[in-house]
Amino acid sequence: MPLVVHPSSTCDVCLESYATENDAHPHAIPCGHIFCRVCLVTVEPTNCPLCRKAFNRERIKKLHVDRPELDMESDLLQRVALNFDALPPTKAQLSIDLGAWLAGRPEDDHIALRKAWAAFQVYDTLSERKAHDKQKIKRFERMLAQRNEENEYDRDTFKAVESSLLAQVSQLTAYVLLLSVVSSLTCAVVSRLGRLQIWRLKSTPSDSS
Ligand SMILES: [Zn+2]
Ligand SMILES: [Zn+2]
């Protein structure tokens, strides 16, 4: 049976919990005491922080330890919870790790992790749809702005046509007014001439007497 590190185990120097990979993995020195690698490569002088026995940094040994099952599960659960909005590569890696860990495990087991993962995937689909909808809305907004611009143009054209028509109408009105003035003047002149004619006829002496 492999040596197992309990989730609550911490390095006695920095008090950080041991991780399964990287420098936070437990390391042993010849006196048999265990610390994280970060602390062992930085401690000055090179004496064991617990028993004070001198050690050589080159003789630091990485311990091959497993984490208990529950710890792996809670680790994955934590990664699911923290990566809802992570970048695609992180999500892809999480999907691979989770798939590998769940493969071959009974379907009715690890329910919390399975449910969290299902929620994660639903959220992922919804965020993708949201991004898609956002693009669609932007497209509609652009179309609307363009349509408004065209309407503005149409309104300007309409206004120009309208004012030119109005100008023509007022010209016509003036012309009609002028015509009526001219025609009434003509009438007046004609009737004056008529009266003059009658008067001249009356005042001409008659030769037949
Ligand atoms: Zn440490
Ligand atoms: Zn020691």
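Use the structure listed above.
An account of the accompanying structure is given in this report. All values reported here derive from a predicted model rather than from experimental measurement. Each chain carries its own residue numbering, running from 1 in the direction its sequence is written. Lettering of chains starts at A and numbering of ligands starts at 1, both following the order in which they are written. Per-residue local features of the predicted model are confined to residues with pLDDT of at least 70, and side-chain atom pairs are confined, for both listing and counting, to 80 or more; whole-chain, interface and lining totals are unaffected and use all residues. Hydrogens and waters are ignored; side-chain quantities use all the structure's heavy atoms.

**Describing the environment of Phe-158**
Then, number 1: Its place among the elements puts Phe-158 in helix α4 (residues 111–203).
Then, number 2: Overall, the relative accessible area of 55% leaves Phe-158 in the exposed class.
Then, number 3: Residues Phe-158 and Val-13, spaced 145 residues apart in sequence, show a C-alpha to C-alpha distance of 83 Å. Under the scheme used here, helices are H or I runs from DSSP no shorter than 4 residues and strands are E runs no shorter than 2 residues, and both carry numbers assigned from the N terminus. Buried means the residue's accessible area, taken with a 1.4 Å probe over protein chains only, is under 20% of the maximum for its type, while exposed means over 50%, and partly exposed covers the values in between.

**Re the coordination of the zinc ion (ligand 1)**
Then, number 1: Around the zinc ion (ligand 1), the donor atoms from the protein are Cys-11 (SG), Cys-14 (SG), Cys-36 (SG) and Cys-39 (SG), and they sit 2.1 to 2.4 Å away.
Then, number 2: In this structure, the zinc ion (ligand 1) is coordinated by four donor atoms arranged in tetrahedral fashion, with angles at the metal of 104 to 119°.
Then, number 3: In primary-sequence terms, the residues that donate to the zinc ion (ligand 1) follow C-x2-C-x21-C-x2-C. With water omitted from the atoms examined, metal sites may look incomplete; donors here are N, O and S atoms no farther than 2.8 Å from the metal, or 3.2 Å in the case of Na, K and Ca. The rule is simple: four donors are tetrahedral if all their angles sit between 85 and 135 degrees, four are square planar and six octahedral if opposite donors span more than 155 degrees and the others lie between 65 and 115, and anything that fits none of that is irregular.

**Some remarks on the coordination of the zinc ion (ligand 2)**
Then, number 1: For the zinc ion (ligand 2), every protein donor is listed as Cys-31 (SG), His-33 (ND1), Cys-48 (SG) and Cys-51 (SG), and the spread of their distances is 2.0 to 2.3 Å.
Then, number 2: Around the zinc ion (ligand 2) sit four donor atoms, and with donor-metal-donor angles ranging over 104 to 115° the site reads as tetrahedral.
Then, number 3: Motif for the zinc ion (ligand 2), donor spacing along one chain: C-x1-H-x14-C-x2-C. Residue His-33 is found in the loop between β2 (26–28) and β3 (34–36), and its partner Cys-48 is found in the loop between α1 (37–42) and β4 (61–62); the two are separated by 15 residues along the sequence.

**Re the environment of Pro-30**
Then, number 1: With respect to the element layout, Pro-30 can be found in the loop between β2 and β3.
Then, number 2: Put simply, Pro-30 and Lys-53 are 23 residues apart on the chain and 8.9 Å apart in space, counted from C-alpha to C-alpha.
Then, number 3: In this analysis, two residues are considered to be in contact whenever any of their non-hydrogen atoms come within 4.5 Å of each other. With sequence-adjacent residues up to four places away left out, Pro-30 is seen in contact with Phe-55 and Arg-59.

**Comments concerning the sheet that holds β4**
Then, number 1: DSSP calls a pair of strands paired once it identifies at least 2 bridges connecting them. Spatial ordering of the open sheet is given by β3-β2-β4, a layout of three strands whose pairing is antiparallel. The sheet terminates laterally at β3 and β4, the two strands that pair on one side only.
Then, number 2: Across two bridges, the pairing between β2 and β4 is antiparallel. Its bridge partner being in β4, His-27 is matched across the sheet by Lys-62.

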